Amino acid sequence: MASSRRMPVVGAPARIFHLAHVEPVTIVAVDGTRVTVTDQHGDDSAWVLHRLTGHFHRDGDSVTGPRLLLGEGPPAKDRSA
């Protein structure tokens, strides 16, 4: 059976989902469960797939902080609640 989860791919668009703000970014590196993205200003940030939530969270931040969403479009609904 094929996976229904999007896989991160170098060069693909993504979004950083803050509380009330969505920032477009581009994936520049993928290393296992770690993804590095660059924003419109050229700043890089690392994101790690959290084993319990299944979401990408900024490396070193808590699970309640910003999340990385793969692909373009509006923020996805939070289904973890």
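Within each chain, residue numbers correspond to sequence positions counted from 1 in written order. pLDDT decides what is reported in this predicted model: residues at 70 or higher carry local features, side-chain atom pairs at 80 or more are listed and counted, and totals for whole chains, interfaces and linings draw on all residues regardless. For the side-chain quantities, the full set of heavy atoms in the structure was used; hydrogens and water were omitted.

### A word on the pattern of salt bridges
Side chains that carry opposite charge are capable of pairing whenever their charged atoms lie near each other.
For step 1, the next point in the chain: Here, a salt bridge means any Lys or Arg side-chain nitrogen found within 4 Å of an Asp or Glu carboxyl oxygen. As enumerated under the stated definition, the model contains two salt bridges in all.
For step 2, the next point in the chain: A salt bridge links Arg 34 to Asp 59, with the shortest nitrogen-to-oxygen separation between them at 2.6 Å. Here the residue Arg 34 occupies a position in strand β3 (residues 34–38), and Asp 59 occupies one in the loop between β5 (56–58) and β6 (67–70), the gap between them amounting to 25 residues.
For step 3, the next point in the chain: Arg 58 is paired through a salt bridge with Asp 61; the nearest N and O atoms lie 3.4 Å apart. Here a strand is any run of E in DSSP of at least two residues, a helix any run of H or I of at least four, and the numbering for each starts at the N terminus.

### Considerations on the sheet that holds β5
Either a parallel or an antiparallel arrangement is found when strands of a sheet pair, and the pairing is made through backbone hydrogen bonds.
For step 1, the next point in the chain: Criterion used throughout: strands pair if DSSP finds at least two bridges between them. Spatial strand order, β1-β2-β3-β4-β5-β6: six strands in a closed barrel with antiparallel pairing. If you compare each strand with its neighbour and ignore which way they point, the axes differ by 40 degrees on average.
For step 2, the next point in the chain: Inspection of the sheet shows β3 paired to strand β4 (residues 44–49) by five bridges, in the antiparallel sense. Note on β4: the bridge partner recorded for Thr 36 is Ala 46. Every axis in this analysis is a line fitted to C-alpha atoms, fitted for helices over the stretch in contact. Angles between the N-to-C directions lie between 0 and 180 degrees.

### Some words on the pairing of β6
The side chains of a regular strand alternate between the sheet's two faces.
For step 1, the next point in the chain: Burial along β6 is two-sided: Arg 67 and Leu 69 and Leu 68 and Leu 70, pointing in opposite directions, are all buried.
For step 2, the next point in the chain: Bridge analysis of strand β1 (residues 13–17) against β6 gives four bridges, and the strand direction is antiparallel. Following the sheet pairing, Ala 14 is matched in β6 by Leu 70.
For step 3, the next point in the chain: Sheet topology places β5 next to β6; two bridges connect them, and they run antiparallel. When the bridges of β6 are listed, His 57 appears paired with Arg 67. Burial status follows relative accessibility: with a 1.4 Å probe on protein chains alone, a residue under 20% of its type maximum counts as buried, one over 50% as exposed, and anything between as partly exposed.

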